[in-house]
Structures are given as structure tokens and as C-alpha cells.
Amino acid sequence: MTVAQQKPFTATVLGLPRVGPRRELKRAIEAYWAGKIDAGRLHAVARDLRQAQFADMRAAGLDSIPVGTFSYYDHMLDTAELLGALPPRVAGITDPLDRYFAAARGTDTVEPLEMTKWFDTNYHYLVPEIGPETAFSLHPEKLLAEVEEALELGVPARPVVIGPLTFLKLAKATGGPALARLIELLPLYRELLRRLAVAGAEWVQIDEPVLVTDLTAAEIDLLQVTYEELAEATERPAILVATYFGQPDAALAALARTGIEGVALDFTSGVDVAAVAAVPALTGKLVVAGVVDGRNVWRTDLDRAVATLGSLLGSAGHVAVSSSCSLLHVPYTLAGETRLDERLRSWLAFGAEKVTEIRLLATGLREGAEAIDAELTAVREALASRKSDPRLNDPGVRARLAALGPDAARRAPAEQRRELQRDRLRLPALPTTTIGSYPQTSAIRLARAALRKGEIDQAEYVRRMRAEIAEVITLQEELGLDVLVHGEPERNDMVQYFAEHLEGFAATEHGWVQSYGTRCVRPPILFGDVARREPMTVDWIGYAQSLTDKPVKGMLTGPVTILAWSFVRDDQPLSESARQVALAIRDETVDLESAGIRIIQVDEPALRELLPLRAAEQPGYLEWSVLSFRLATSGVSDATQIHTHLCYSEFGEVIEAIAGLDADVTSIEAARSRMEVLDDLNASGFDLGVGPGVYDIHSPRVPSVEEITTSLRAALKAIPAERLWVNPDCGLKTRGRTEVEASLRNMVAAAAAVR
């Protein structure tokens, strides 16, 4: 079949989750890492999950199903493997699966790839490394095998690959700009298209989300040249270029001028009908309309979506209905969420429900809105009940915020605070600490499950958690750390814990979403106004402080991160929700200080994550995000030291905002990037305390004393000793106790040596 004979499809999603509805893949991968199962068993679990998804998508009525979005760890890492671009340091590992995992998470002797956030989502991708020694070569076996598997099952398979521009723009290049290597990749993509056609694929989806970022005129020209060349291939599937998370602007017209057959656009994040109508060349192409939000959990306004789809018919050759992006970013299904109240539940759509919405909209587009009239009526009723719910408007919260004056977000100058804190804390040079969490043992998880099932009461749960806290305090004192933490045994997650204690949030039972690799989270749902009715952490941290004379940090999550790692309201500006959360955190800091806590850490690892993708929109975001943090942390005295923590993002674009937070100490990810962030801090004139992570906690390897000493000496070239703190990159929740003790012992020894 030639490209010209490929039929447009009508209903699809841009990608599928992969960890399993009950995290089956996570458990299988971790069992493989632990040596409890072999590769054959791991592949069998993966195959069963893929095939179950295929069956579900076919049963739901999709007539094109994405194949190739499955991954054992990360799709950018998969693309690096596809293009022969794994780092040279893993080349000596002969087993392909172990080589792959070594690039992802490291080994005792191999450092992993750097990790950062996927655009403005909470998904982390592994950053490919491209150097002069990188010799690209095509390795499509995994993708071809999955296409073959799907076609044998009768699945209308549409293979999905990351596009060459996105791959290069997101990679870390040395020896010249990454896009200069584009000419080397195009022959590989052309050959991949040929092999996919031979395998029987009728359509291929090439993801280019980088098109919604600010591109130069030269980059737009490269985009057009790239897809003109790929479209000229004589043997290939029809090409669908997918972009999402925003408006592609000039890139859309450039794409439309090429010979590709279709574009997928995100109508939930800025694209509108007018943008499509302004590109006449789209009248000959398939437009895959992402009118169902793949990133948030609210039910789709079907009336609005029907109107959008109908308006597109005159501007596109064909129109298909889709999710706005991959369903990787939302939970699998609402089916098991029995504890959500019925009214809230009626407002929601998780992955399976979104697929149903897509099928309904495709039916309405094909047969007319009257064909789905009953469903339209049900959605109207649900949206009306949400709009009128009193939980969405708390007069007390809004009155408090309205009454705040400009001084509510200000503290005394940093130098004045520094002197007061120095006298009060009396810490040594290069004080050592950790970021907050300690390993969550099986005993902790079993106690939490027993409480949830009613097998133990609250008093017994508190007794067990206090025993864990006491053990962690003893360990830290024995190791010789200077500033301690309580270890957070009572917290299932650094955002979910607070959401469960704040009004306006709801937590799910099974709403797991992949954050990176085998790390999954259950993002809370922010549905109403936020209020703190009672202290959330004071009893736990106060107990820890009672066990030691050393300072114990109060550990809180900041307002921006709580929002970034939740499914947020779409009926009011995010800045307003941030102020509400900040007010609740402010109340908690004041209560911690009253309980004798001298250091309070308010983590904002997601500060960079929410940065808008377009430069023109960034100043407004940075202004309100910084103000919300300062509102949360300015209720305490100047003698109380405020810490914050940031991790796993590229920080260069927000360095001034980091300074604007005005935290007394900022701990920041630096190990995988080899302290590069310190150069950015210095260039900005940053003069507050800094704790650059001296070792990477996302790898199982234990760093040596010499390795950490080298990192500290590198840090001292950028940060004076009186402002330098010593800490790991991030919290220790996901690590094992043995490796944590060994790593921290080496960290303390390195700090002592450098002192």
C-alpha cells in the first residue's frame, strides 16, 4: 500500500501509560534489579501489560492505537538506544537490558545519565549525552517487535517515536550545538520509516513537543527541511507529527508546507480553531484534535469539544479526536476509587474515562451531536454541580488573603538574619544535613496499610512512627550529622501527605502516575479552596526535637510544588491557588517555630518545572511563584532559619527567582550535573547559603570519601565556606538503609576532611 492510500483514522490517544494499573511493571523491574526474577519473566510481565492495553483500546473503539510508547524506564532513553546514542561508559556492559538500566540509574562503577523534567510536567526524562565521539546508528529492534506484536493481534498499530529535533534540542551536547548533528540523524529516520512500512505500519507518529517552545527562525527552517526530507521517502507510513503542551505558532505553518500527512495539536493548552484556519495548507491534511486533556483529571466539557471539532471541519482535510498528549500523565481509571465522594467523582475523568470521551466525541463528529445527547446532558449536569459547590469558595480564606498587606511577604535583610541565626544555631563550618526523608522501610509501609485497613488504631500507629523517628535520630547522631531531620516516616509522599491534611484537596487510592523509572506518585486533586484547620507536622517534628540537642529541621512542602504535583483546579488562576496554599503553609511554619523548631525547610523542587514554555509568559509566573513562597515563609522571626530545596531541573532560567525566594539556605541538585549550577548562581550574584548536592541519591552506588571530597572542593571554588552546606542531592526515601548509612558516613567524613 502506498502512502497516498493510507486512510485517515478518527479516534486515538497520543500515548499510553506503562507501569500498569496496579504498578505491575514497577514491581517486576525492581524484582529484576534485586535478582528475584530473570529477564524472561520481566519481558513476560511487560508483554501482558501491553497486550491488555491493546485489548482495552480496541474495545473502547479507537481505530488507531499508539505502539512504542511502552518503556522499561524512559522514552528519551529508549530514543537514545534506538539511535545508538547511549553514553560510551556503558558500552562495556554486554547484556542489552543491563546496559540500558546502567544508563538510567548507574552502577557501582558507572554514573547514570542526568535527569530533568519533561517540559512543564512532573515526568522526569533522562538527558541524552551527545559528544564528538557519538556515532549514531539505528537499532529499531524493540520498536519493530512491538509493532509486529500489535499487528499479529489485529491492532491498528501506529508506532510512535521522538522526533529528531526534540531529541537533539533536549540532549546535552559537547563539541558543538546538538542541532548541527541533525544531518546525521535524518538517514536513520528515513531508514526507520522504511522498516516500519515493511513491518506493516500504515501511520507513524513522530513526537515533536519542542515545537511549542521558542524557536529561532533558523530552527523553524530546519524543521521544514527535516520533514520535507522525511516526507520524500518513497517507502514509508503516513507521517503524523504530534506536538503538545502549547501552541506551535510559526512551526505549524512550516510543518503544513511539507509533505507529511497529519499533525496532532493540543487544543487544551493554547491551540484554537483560528490557529488552524490561519494555515491553509492544513486543508489537505489530517488534523488530530487533542480536545480531551491528557494532563489533568477534569471531565471534558463535551459541548465545547463538539463545537471545536465542528469548527475544524472546514479547515482540515480530515479531523480525528484525541487526547491532548500521552495518557502517561493521568491515572489509569476511576473504577477503583471508592473513597471519593460522589459529587467530586462525577467531575472527574482518568485515563479510561478519557478514552470513552474520545470515542463519544468521534461518534458525535461522525453522526452529529444528537447521537450522544444523553452523554452531553450528563456532562452538563456534572459541570453545573461543580460550579455551584460551596467548597469552591471559602469566604474565610478569601477574606484573610484580601487583608494581607505588602509586608506579609517580607523578612529583614539576609545579613541581619544571618547574624541572628549564627548566634542561635552555632553550627560548624560546612554543616552537614540531609534533605528530609529517610528510607521507607517495609515496617513503615505495613503500619500505614494496617491503619488504613483498621487493623491498628491511631495510637498504635503513632507509637510505631515515633519508634521509627527515634531510630533515625539515633542514626544521625551516631553518623555525626550537624542538622537532623525526623525522617518523615508518617508521610506517604511529600505532597500527598499535606493534601490529606488540607481542605480543598482529595487523595486517590489507586491514582498512580509515573514520575520517573519505577518511581510512581498519586497526585492529589485540588478541587476547592484550601484551608488548614489544625497543625499537620508539629507533633512529629516536635517529638524528634525532644530526642536531641542538635537542631531538627521542620520539613514542609512549598505551595508551588504542592500545585505542580497535584491535579489542579482549572476554574481559577494558578496564582490564586498558590496564595491559598501558601497561607496554609505559613500557619504551619508559625506553629513549628512556637514549638521550638529553629530551622524550617520549605521545599520547592518544582519551581522550574512550572515555568511557562514561552519566554513572554515567564516573568508573570516567576513573580507570583516567588511571592507565594515568601508569603509561606515570612511569618517566622528572623532568628529562625528558612531552608528550601530544588532538584532535577535546568535552573539557569530561574536563577534570579531562586535568589528572590530569599531562603537563608538553598539546597540544590548538583551531583549529576557536576556542580554546573554553581556557575549560574555566581553569575547572578547569589549571596545566601547553598547546599549543592554532593552525591546522587537516585543511583544505588555508594560514593567514596574521595569522590565527595572532590565535589566539595569544586563547590568551594564557587561558594565561600561560610555559606556552603553539605548534603545529598535529594531525599533518601527510595534508598535502602545500608547504602544510606554508608553514603552518609562517607559524606560526613568528607566534610570533616575538607574542614
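By the naming in an unreviewed UniProt entry, the chain goes by 5-methyltetrahydropteroyltriglutamate--homocysteine methyltransferase and is assigned to Nocardia sputorum. As recorded by UniProt, the Catalytic activity (unreviewed entry) comment attached to the chain reads in full: "5-methyltetrahydropteroyltri-L-glutamate + L-homocysteine = tetrahydropteroyltri-L-glutamate + L-methionine". Recorded under Function (unreviewed entry), the UniProt text for the chain is reproduced unchanged: "Catalyzes the transfer of a methyl group from 5-methyltetrahydrofolate to homocysteine resulting in methionine formation."

(A) Looking closely at the pairing of strand 13 (residues 513-516). Examined bridge by bridge, strand 13 and strand 14 (residues 519-521) share 3 bridges and lie antiparallel to one another. If you follow Val513 over to strand 14, its bridge partner there is Val521. Adjacent in sequence and paired antiparallel, strand 13 and strand 14 are bridged by 2 residues, among which Gly517 carries a positive phi angle near 50 degrees.

(B) Geometry of the sheet that holds strand 20 (residues 689-692). Strand order in the open sheet formed by 5 strands is 16-17-18-19-20, and the pairing between neighbours is parallel. With one partner strand each, in any of the chains shown, strand 16 (553-557) and strand 20 form the two edges of the open sheet. Taking each pair of neighbouring strands and ignoring which way they run, the sheet shows an average axis angle of 20 degrees. Pairing geometry for strand 17 (residues 599-603) and strand 18 (residues 641-646), over 3 bridges, is parallel. Following the sheet pairing, Ile599 is matched in strand 18 by Gln641.

(C) Here's a closer look at the pattern of salt bridges. A full pass over the atoms with the stated rule returns 49 salt bridges. The partner of Glu609 in a salt bridge is Lys117, and the shortest N-O contact between them spans 2.2 Å. Of this pair, Glu609 sits in the loop between strand 17 and helix 23 (618-633) while Lys117 sits in strand 2 (residues 115-117); the two residues are 492 residues apart in sequence, bridging distant segments of the chain. Measuring nitrogen to oxygen at the nearest pair gives 3.1 Å for the salt bridge that ties Glu146 to Lys142.

(D) Molecular detail of the packing of helix 2 (residues 39-59) against helix 5 (residues 141-152). Running from N to C, helix 2 and helix 5 cross one another at 50 degrees; their axes reach a closest spacing of 11 Å. Judged by the inter-axis angle, helix 2 sits oblique to helix 5. As for the relative orientation of helix 2 and helix 5, their crossing is right-handed in sense. Contacts from Arg47, Arg50, Gln51 and Phe54 in helix 2 reach Glu146, Glu149 and Ala150 in helix 5. Each residue belonging to the contact of helix 2 with helix 5 can be placed in one class, and the counts come to 2 nonpolar, 1 polar and 4 charged.

(E) Broad picture of the packing of aromatic side chains. Considering all chains together, one arrives at 15 aromatic pairs under this definition. Here the aromatic rings of Phe70 and Tyr72 are separated by 5.2 Å at their centres, their planes lie at 80 degrees, and the arrangement is edge-to-face. Pairing Tyr100 with Phe101 gives two aromatic rings, centres 5.5 Å apart and planes at 70 degrees, and the pair type is edge-to-face. Here Tyr100 and Phe101 have matching classes, each one buried. Aromatic ring contacts, followed pair by pair, group Tyr32, Trp33, Phe70, Tyr72, Tyr73, Tyr100 and Phe101 into a single cluster. Of note, Arg50 hangs over the ring of Phe70, and the distance from its end group to the ring centre comes to 4.9 Å. The ring of Trp512 carries the charged tip of Arg522 above its face, separated from the ring centre by 4.9 Å.

Rules used throughout
- Residues numbered from 1 in each chain as written.
- Predicted model: local features only at pLDDT ≥ 70, side-chain atom pairs only at ≥ 80, totals over all residues.
- Heavy atoms only, no water.
- UniProt positions renumbered as here; feature names shortened; annotations may be inferred.
- Pairing = 2+ DSSP bridges.
- Helix = DSSP H or I, 4+ residues; strand = E, 2+ residues; numbered from the N terminus.
- Axes fitted to C-alpha atoms, helices over the stretch in contact; angles between N-to-C directions.
- Salt bridge = Lys/Arg side-chain N within 4 Å of Asp/Glu carboxyl O.
- Parallel < 35°, antiparallel > 145°, perpendicular 65-115°, else oblique.
- Left-handed = near helix turned anticlockwise from the far one by under 90°.
- Contact = heavy atoms within 4.5 Å.
- Nonpolar A, V, L, I, M, F, W, Y, C, P; charged D, E, K, R; others polar.
- Phe/Tyr/Trp six-rings, centres within 6.5 Å; stacked < 30°, edge-to-face > 60°.
- Buried < 20%, exposed > 50% of the residue type's maximum accessible area, 1.4 Å probe, protein only.
- Lys NZ or Arg CZ within 6 Å of the ring centre and 35° of its normal.

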